[in-house]
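Architecture and fold: a report
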Amino acid sequence: MAELLPDSGPAHWRARLREDVETAARRDPAARGRLEIVLCYPGLHAIWVHRLAHRLWEQHGLKLLARLVSQANRWFTGVEIHPGATIGRRFFIDHAMGVVIGETAEVGDDVMLYHGVTLGGRSMERVKRHPTVEDNVTVGAGARILGPVRIGAGAQIGANAVVVKDVPAGAVVVGVPGRVVAPDPGTTPEEREWVDPAIFI
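This text gives an overview of the structure that appears in the document. (Residues numbered from 1 in each chain as written. Predicted model: local features only at pLDDT ≥ 70, side-chain atom pairs only at ≥ 80, totals over all residues. Heavy atoms only, no water.)

Things to note about the sheet that holds strand β13 (residues 162-163)
Taken together, five strands build an open sheet; the order of strands is β1-β4-β7-β10-β13 and the sheet is parallel. The strands lining the two open edges of the sheet, one partner per strand, are β1 (80-81) and β13. (Pairing = 2+ DSSP bridges. Helix = DSSP H or I, 4+ residues; strand = E, 2+ residues; numbered from the N terminus.)

Side note on the side chain of Asp20
Structurally, Asp20 can be placed in helix α1 (residues 10-27). Among the residues examined, Asp20 registers a relative accessible area of 1% and is labelled buried. (Buried < 20%, exposed > 50% of the residue type's maximum accessible area, 1.4 Å probe, protein only.)

Some words on unusual backbone geometry
Glycine aside, residues mostly have negative phi, and peptide bonds are mostly found in the trans state. Put simply, Val176 and Pro177 share a cis peptide bond, and its omega is -10°. Here Pro177 lies in the loop between β14 (172-174) and β15 (179-182). At Arg90, a position not held by glycine, the phi torsion is positive, near 55°. Positionally, Arg90 belongs in the loop between β2 (86-87) and β3 (92-94). What makes Arg90 buried here is its relative accessible area of 18%. If you check the backbone angles, Asp110 has positive phi at about 60° while not being a glycine. Take Asp110: it is sitting in the loop between β5 (106-107) and β6 (112-114).

That is the geometry; function is a separate question.
Rendered as structure tokens:
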């Protein structure tokens, strides 16, 4: 429904808010109701405030105000998202605390992060220095994705992994440094069905 609405105006933003709440309800089995989600989910609050900060960031002369909004967001939610970061739809941060997303990070649609995730940089230059995370990626608690790497669509990054290289679509990455553990080319498609990637998250 939201796709049919213009990118501004009350109807558009109401649709986006509803979409975010439904995403949280679908992603978190502990959610007991929409009101609880709206009132008690800091990951949801963080993305809502980020959208405001990002909108300000894109306006001439409002970058300082955008940064102040993002700092308030950090203080209230424990999530630090630079207002320059680009984040897609149906984004969800479970538990939220300690997440850091850098200025040039790009995050696609239907991405889920757990607490303690960093999408960070490895350069002091004013260039693209943060990760690009494509659609339908899940990043486990405490994982660090560093530098202008690309995480392919549908990939899953295991808890506490440190990723400094590109990850192919659909891969499961674990360890320090991160290494691809699935799909394992030595297994048959039938054997792969028995491995649930969620065990690495």
